Each structure stands twice: as structure tokens, then as C-alpha cells.
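# Inside the fold
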Amino acid sequence: MTGEMVRPDPRKCVLLDVDGTLIDAVDNQRRVWETWAGRYGLDAAEVRGRFARTGLPVPPVIVDAAAVEEGKPSPVPYLLAAGQLGARPEDYLVIEDAPSGVEAGLRAGMTVWGVNSAAAVAGVHRHFTSLREAVPAILAFARPEEATGVG
């Protein structure tokens, strides 16, 4: 997690769950993911590659389990990220794959889309069977002026 406050452009913000949704490949996190992947017998390059294949930009803020005392389904992780990014909860889109994460996003007052499952998790506002399928809609949410042609 970065410690500095990040001021967003006047756009919507997207918060992505990591485990099961995507794996973050920020340079200073690569060693952590390589250690984790090795511990579970996974290929670290494949883990990092999931992020790159989506075409999504690398996030400026990362909130992990070490940053919060309450984990999901508490809204605390998403509210902490929102506080660091500086926008209102209703301006956030949470991308989740698990019921506890969906509940956390909803309890934080955010829009929640589900990914990476054949069936929608109860409560999601929208469902996609894969993150790759969701990327165009995520980018449209984050950059509404591009989706509508307003700039």
C-alpha cells in the first residue's frame, strides 16, 4: 500500500479486489507475490501476468490485510482505499469475486460488480464471467467522458 494521498482526476474511481480478481504487479510488490506464489507452488510470472493481460492501469493505492484491523466483509478496507484516493464512496466501483468482498463494497456504499464466476454473487450490481470481459465496462465507468464523447 502506498502511504501518500492520491488526488483523482474528476473521474470515477475503481477499486479491485486482488485475490481471485487480479494480482497486482507493482514493482515493489513483485517479491511479495513471488514468495507467495512459491509457497503455494504457483508460477510467479503467471501470477504477475494476470494484471498485464487485462490492459488496466497499475493502481496508485494498494490496501492489503496488513493495512486494516477489520477485513472483509467489513467495509473498512474499501473505505480506507476511498479515503486515500479522496473521492466519495458513491463514486467508486468495486470489482469483486467473493461474497465477503461484495458485502464489504455494498456496506461501503459503493457500486459492486462481480467477476470470475459462472453465477453472480448475491447483491452485485453487474456480473461478468471474467475480468477480461469486464474491462471495457470498467474503463467506461472510470472514464465516462470517453464513453459519451464528452471531454
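Residues numbered from 1 in each chain as written. Predicted model: local features only at pLDDT ≥ 70, side-chain atom pairs only at ≥ 80, totals over all residues. Heavy atoms only, no water.

The name given to the chain in an unreviewed UniProt entry is HAD-IA family hydrolase, with Streptomyces nigrescens as the source organism.

### Focus: the side chain of Ser-74
So the rule is basically this: Helix and strand assignments follow DSSP, with helices taken as H or I runs no shorter than four residues and strands as E runs no shorter than two, numbered in order from the N terminus. Partly exposed residues are those whose accessible area sits between 20% and 50% of the maximum for their type, while under 20% is buried and over 50% is exposed, using a 1.4 Å probe and protein chains only. Whenever a nitrogen or oxygen atom comes within 3.5 Å of another N or O atom, the pair is scored as a polar contact, on the condition that within protein one atom can donate a hydrogen and the other can accept it, and that pairs from neighbouring residues in sequence are kept only if both atoms are in side chains. Any two residues whose heavy atoms approach within 4.5 Å are treated as being in contact.
Residue position: Ser-74 is located in the loop between helix H2 (44-54) and helix H3 (76-85). Judged by relative accessible area, which is 7%, Ser-74 ranks as buried. For Ser-74, the side chain forms a polar contact with the side chain of Glu-70, separated by 2.9 Å. There is a polar contact of 3.1 Å between the side chain of Ser-74 and the backbone nitrogen of Val-76. If near-sequence neighbours (up to four positions away) are discounted, Ser-74 is found in contact with Ala-104 and Arg-107.

### Focus on the pairing of strand E2 (residues 92-96)
The condition that has to hold: For a crossover, the right-handed case is the one in which the path from the first strand over the helix to the second runs clockwise, viewed with the strands pointing away from the viewer.
In terms of burial, E2 is a largely internal element, 5 of the 5 residues being buried. In E2, alternate side chains face the same way, and those of Tyr-92, Val-94 and Glu-96 on one face and Leu-93 and Ile-95 on the other are all buried. After leaving E2, the chain enters helix H4 (residues 99-107) and then returns to the sheet as strand E3 (residues 111-114), a path that is right-handed.

### Observations regarding the nonpolar core
Selection rule: Buried residues of nine kinds, namely Ala, Val, Leu, Ile, Met, Phe, Trp, Tyr and Cys, make up a nonpolar core once their side-chain atoms join them within 4.5 Å.
One finds Leu-15, Tyr-78, Tyr-92, Val-94 and Met-110 to be the most contacted residues of the largest nonpolar core, which totals 16 residues. Ranked by residue count, the leading element in this core is H3, at 4 residues. With residues near it in sequence (within four places) discarded, Tyr-92 still touches Cys-13, Leu-15, Ala-81, Ala-82, Leu-85, Gly-86, Ala-87, Met-110, Thr-111 and Phe-141.

### Side note on the pattern of salt bridges
Charged atoms that come close allow side chains of opposite charge to pair. Put simply, the rule is: Criterion for a salt bridge: a side-chain nitrogen of Lys or Arg within 4 Å of a carboxyl oxygen of Asp or Glu.
For the structure on display, the rule yields 4 salt bridges. Glu-96 is the partner of Lys-72 in a salt bridge, and the nearest nitrogen-oxygen pair spans 2.7 Å. Linking Lys-72 in the loop between H2 and H3 with Glu-96 in strand E2, this pair joins segments that are 24 residues apart in sequence. The exposure class of Lys-72 is partly exposed, given its relative accessible area of 31%. Among the ionic contacts, a cluster of salt bridges with common partners joins Arg-88, Glu-90 and Asp-91.

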